Amino acid sequence: MTPRRRPADRLVRSYVITDGRAQPSRNTLDLVTLLIATDDLPLTGLNPEKRRLMELCRPGALSVAEVAGHLGLPVGVTKVLTADLMDSGHIVTRAPIPAARPTDARILQEVLDGLRARL
């Protein structure tokens, strides 16, 4: 009987995927940074993980955390891959849209009063 392989047995070591680097070339990536793939550069020459990252981001923006989850890679490895793709122009990033802050009720009341005065 053949022993059953565990998922960890099939994984490529992180240092192989990142060419031995542990830190990304840019320190601007956060878990919620949105990644957007560019369409104008070919995917030839990219390793399988970078190619898959590009395929994930082509339909729309995904966060670093989402990409790491889909790829099944640690966030640190995903950041290294993403930084490489940013350096080559394959990926652009955008900060997430900040949550709306609660507004001051006094300001809203003044706006309402101003609108009523115009009517």
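Please refer to the structure placed before this passage.
Sequence order as written defines residue numbering, which begins from 1 separately in each chain. Only residues with pLDDT of at least 70 get local features here, since the model is predicted, and only at 80 or more are side-chain atom pairs given and counted; chain-wide, interface and lining totals rely on the full set of residues. As a rule here, side-chain values come from all non-hydrogen atoms in the structure, and water together with hydrogens is ignored.

This part takes up the pattern of salt bridges. Salt bridge, as used here, is a side-chain nitrogen of Lys or Arg placed within 4 Å of a carboxyl oxygen of Asp or Glu. Scanning all chains against the criterion turns up three salt bridges. Between Arg58 and Asp39 there is a salt bridge, with the nearest N and O atoms lying 3.3 Å from each other. In this pair, Arg58 is assigned in the loop between α2 (48-57) and β2 (62-63) and Asp39 in the loop between β1 (34-37) and α2, connecting sequence segments 19 residues apart. Between Arg106 and Glu110 there is a salt bridge; the shortest N-O distance is 3.0 Å. With Arg106 and Glu110 both in helix α5 (residues 105-118), this residue pair falls four residues apart, about one helical turn. Where helices and strands are cited, they refer to DSSP runs of H or I of at least four residues and of E of at least two residues respectively, numbered from the N terminus.

Let's shift gears to helix α4 (residues 75-87). Across its 13 residues, α4 extends 18 Å between first and last C-alpha, which sits within 8% of the 18 Å expected from 1.5 Å per residue. On its buried face, α4 sits against α1 (14-17), β1, α2, α3 (64-71) and β3 (91-94). Phi turns positive, to about 85°, at Gly89, one or two residues after α4. To estimate how far a helix should reach, multiply one less than its number of residues by 1.5 Å. Residue contacts are defined here by distance: any two heavy atoms, one from each residue, within 4.5 Å place the two residues in contact.

A fitted line through C-alpha atoms represents every axis, and for helices the fit uses only the stretch in contact; the resulting angles, taken between N-to-C directions, go from 0 to 180 degrees. Packing of α3 against α4 brings their axes to within 9 Å, and their N-to-C directions diverge by 110°. When the axes of α3 and α4 are compared, the pair comes out roughly perpendicular. Across the interface between the two elements, Val64, Val67 and Ala68 from α3 touch Val75, Thr78 and Lys79 from α4. Residues were grouped as follows: Ala, Val, Leu, Ile, Met, Phe, Trp, Tyr, Cys and Pro as nonpolar; Asp, Glu, Lys and Arg as charged; and all remaining residues, including Gly, as polar. Across the contact of α3 with α4, the residue classes tally to four nonpolar, one polar and one charged. When describing relative orientation, an angle under 35 degrees is termed roughly parallel and one over 145 degrees roughly antiparallel, while 65 to 115 degrees is termed roughly perpendicular and anything else oblique.

Turning our attention to the nonpolar core. By size, the foremost hydrophobic cluster in this structure holds 21 residues, and its most contacted members are Leu53, Met54, Cys57, Val67 and Ile91. Per element, the largest residue contribution to this core is five residues, and it comes from α4. Ignoring any residue separated from it by four or fewer positions in sequence, one finds Met54 in contact with Ala37, Thr38, Leu43, Leu46, Leu85, His90 and Ile91. Here the nonpolar core consists of buried residues drawn from Ala, Val, Leu, Ile, Met, Phe, Trp, Tyr and Cys, with membership extended through side-chain atoms lying within 4.5 Å. For the exposure calls, accessible area comes from a 1.4 Å probe over protein chains only, and a residue counts as buried if that area is under 20% of its type's maximum, exposed if over 50%, partly exposed in between.

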